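Here is what each chain is made of, one letter per residue.
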Amino acid sequence: MRAAQLRGIGQLALRDLPDPVARPGHVVLRVAACGICGTDRHIFHGDYPSALPVVLGHEFAGVVVAASEASHSLLGVSAAIDPNISCGSCVFCRRGDVCLCPNRVALGVDLDGGLAELVEVPESQVYSLPAGFPVELGALCEPLACCLRALDLAKVAPGMSVAIVGGGIIGQLMVQLVRLAGATSIVLITRQYGRRKLAEQFGATATMDPRSVDVVSTVTDSTGPAPGGVDVAIECVGAVETFEQCVAMARRGGTVLVFGVTPQGETARISPFEIFAKELSILGSYLNPLTHGRAVELAASGRLDLAPLISHRVGLAELPDMLAHGPEPSEVKVLVTPGAV
Ligand SMILES: [Zn+2]
Ligand SMILES: [Zn+2]
């Protein structure tokens, strides 16, 4: 089978690898689509730890084409895969915080993942997609599951105001999710015009270009969309500057949610007095602990507009070039279809 294997930092190559076989408790999936995410670029550049060599790709869906005897009932099933495998027995797992498991491994990071024609997956990670649901959209369930975790933590409730900084796939999913949760003022901040238009289509009540306005005062002024500050500010860029903006935009008693992946080692300036006097909650949201099933349910329900989020479709051959460069301005989600020639 063909696979995109990372052999060293910056060294991604298409390779013919032996077809995986399904060990006990495992299935083999024929990958219909695998999403590319910022984490893949971080791994490619050596900014995020991974095994080497490893087949990348942690956002994928496909059809089960082989199964061990114990997993036989899954043969032929279309499925979205939760790539994060926790140990189930450490102190964190045993209290339900599976994303904090120190023994966690991930498909596409520590184990071979979905940027391949075939991939072996533990049965515990398989989430069946309903009949009639486009399998390739199943690849969006992983980022969606991470967003659900974030919203669970942020406790967005009807009537709230929410600012979302960053207009990539995460920002666009967040707009749709906070709208579903009943937020009435939804501000999306991003430099790209196309992403602002997309967010407006999905229910953003205001969008802003941070290069043309002072974001904090424009949002929080008495004439702005959230006078005095937003109930919840969600950082979806992964940059110090946008994190600091989120802290400044949150109202008294508000919540800042740190979702974007800022490079390890970077530090922000933050006033302990401001946290104290405004009673700010600053929360981190990491991965998709026990939210993958809900992501599949929500995707299958048709209550989200997922198809317009796919901005590019490419084959495996285009990957090395794609990962070596930053995302194009028009990029929202790139889906790789490993079966395509
Ligand atoms: Zn990802
Ligand atoms: Zn554990």
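Residues numbered from 1 in each chain as written. Chains lettered and ligands numbered in written order. Predicted model: local features only at pLDDT ≥ 70, side-chain atom pairs only at ≥ 80, totals over all residues. Heavy atoms only, no water.

## Focus: the domain arrangement of the protein
The domain architecture assigned to the protein consists of domain 1 (2-128 + 306-336) and domain 2 (145-284). Each side of the interface is counted separately: domain 1 has 11 residues, and domain 2 has 13 residues. Carbon and sulfur atoms make up 66% of the surface buried where domain 1 meets domain 2, a total of about 960 Å² over both sides. Where domain 1 touches domain 2, the interface holds 0 salt bridges. Our count for the contact surface shared by domain 1 and domain 2 stands at 1 residue pair in polar contact (both at pLDDT 80 or more). (Domains from an automatic or database assignment. Contact = heavy atoms within 4.5 Å. Buried area = accessible area lost by both parts, 1.4 Å probe. Salt bridge = Lys/Arg side-chain N within 4 Å of Asp/Glu carboxyl O. Polar contact = N/O pair within 3.5 Å; in protein donor to acceptor, adjacent residues only side chain to side chain.)

## Looking at the coordination of the zinc ion (ligand 1)
Those protein atoms acting as donors to the zinc ion (ligand 1) are Cys-37 (SG), His-58 (NE2) and Glu-59 (OE), and they sit at 2.1 to 2.3 Å. Here the donor residues of the zinc ion (ligand 1) are spaced in sequence according to C-x20-H-E. Separated by 21 residues along the polypeptide, Cys-37 in the loop between strand E3 (26-36) and helix H1 (38-44) and His-58 in the loop between strand E4 (54-55) and strand E5 (59-67) bring together distant segments of the chain. Of the two residues, Cys-37 and His-58, neither departs from the other in class, the shared state being buried. (Donors = N, O, S within 2.8 Å, 3.2 Å for Na, K, Ca; no water. Helix = DSSP H or I, 4+ residues; strand = E, 2+ residues; numbered from the N terminus. Buried < 20%, exposed > 50% of the residue type's maximum accessible area, 1.4 Å probe, protein only.)

## Digging into the side chain of Gln-245
Within the element layout of this structure, Gln-245 appears in helix H6 (residues 240-249). The contacts of Gln-245, once residues within four sequence positions are left out, are Val-165, Val-215 and Val-216.

## Some words on the coordination of the zinc ion (ligand 2)
Around the zinc ion (ligand 2), the protein contributes the donor atoms Cys-87 (SG), Cys-90 (SG), Cys-93 (SG) and Cys-101 (SG), which lie 2.3 to 2.4 Å from the metal centre. Here the zinc ion (ligand 2) is ringed by 4 donor atoms whose angles at the metal span 104 to 117°, and the overall shape comes out tetrahedral. Read N to C, the donor residues that coordinate the zinc ion (ligand 2) are spaced as C-x2-C-x2-C-x7-C. (Tetrahedral: all angles 85-135°; square planar, octahedral: opposite > 155°, others 65-115°.)

## Looking at the pairing of E5
Two elements, E3 and E5, share 8 bridges in a ladder whose sense is antiparallel. Residue pairing across strands places Arg-30 opposite Val-63, the latter belonging to E5. Bridging between E5 and strand E6 (residues 78-81) involves 3 bridges; their strand directions are antiparallel. Bridge pairing links Ala-61 to Ala-80 in E6. (Pairing = 2+ DSSP bridges.)

## As for the sheet that holds strand E14 (residues 230-235)
Pairing is parallel in the open sheet, where 6 strands are placed in the order E13-E12-E11-E14-E15-E16. The sheet terminates laterally at strand E13 (206-208) and strand E16 (281-284), the two strands that pair on one side only. Strand-to-strand twist in this sheet, taken as the mean axis angle between neighbours without regard to direction, amounts to 15°. With 5 bridges connecting them, E14 and strand E15 (residues 250-258) associate as parallel partners. Note on E15: the bridge partner recorded for Val-230 is Ala-250. In the packing of helix H4 (residues 193-201) onto the sheet, contacts are made with strand E12 (185-189) and E13, and the angle to E13 comes to roughly 170°. (Axes fitted to C-alpha atoms, helices over the stretch in contact; angles between N-to-C directions.)

## Concerning the nonpolar core
Within the largest apolar cluster, 50 residues are counted, with the highest numbers of intra-cluster contacts made by Ile-164, Met-174, Val-178 and Ile-234. The set of elements that each furnish at least two residues to this core consists of helix H2 (141-154), strand E11 (161-165), helix H3 (169-180), E12, H4, E14 and helix H8 (292-301). Per-element accounting of this core gives the leading share, 9 residues, to H2. Two domains each put at least three residues into this core: domain 1 (2-128 + 306-336) and domain 2 (145-284). Once you skip the residues sitting within four places of it in the chain, Met-174 turns out to touch Cys-147, Ala-150, Leu-151, Ile-164, Ile-234, Cys-236 and Phe-259. Membership of the second largest hydrophobic core comes to 33 residues, among which are Leu-6, Leu-12, Val-64 and Leu-115. (Core = buried A, V, L, I, M, F, W, Y, C linked by side-chain atoms within 4.5 Å.)

## What about H3?
With 12 residues, H3 should cover 16 Å at 1.5 Å per step; its first-to-last C-alpha distance of 17 Å lies within 8% of that length. Among the 12 residues that make up H3, 10 are buried, leaving the element largely enclosed by the rest of the structure. The set of residues buried in H3 consists of Ile-169, Ile-170, Gly-171, Gln-172, Leu-173, Met-174, Val-175, Gln-176, Leu-177 and Val-178. Looking one or two places after H3, you find Gly-182, whose phi comes out positive at around 100°. (Expected span 1.5 Å × (residues − 1).)

## Quick word on H8
Within H8 the residues assigned to the buried category are His-292, Ala-295, Val-296, Leu-298 and Ala-299. The arc enclosing the buried residues of H8, seen along the axis, measures out at 165°, which places them on a common side. Buried residues along H8 sit in contact with E6, strand E10 (126-128), H2 and H3. Downstream of H8 by a residue or two, Gly-302 has a phi angle that is positive, lying close to 80°. (Arc of directions from axis to C-beta.)

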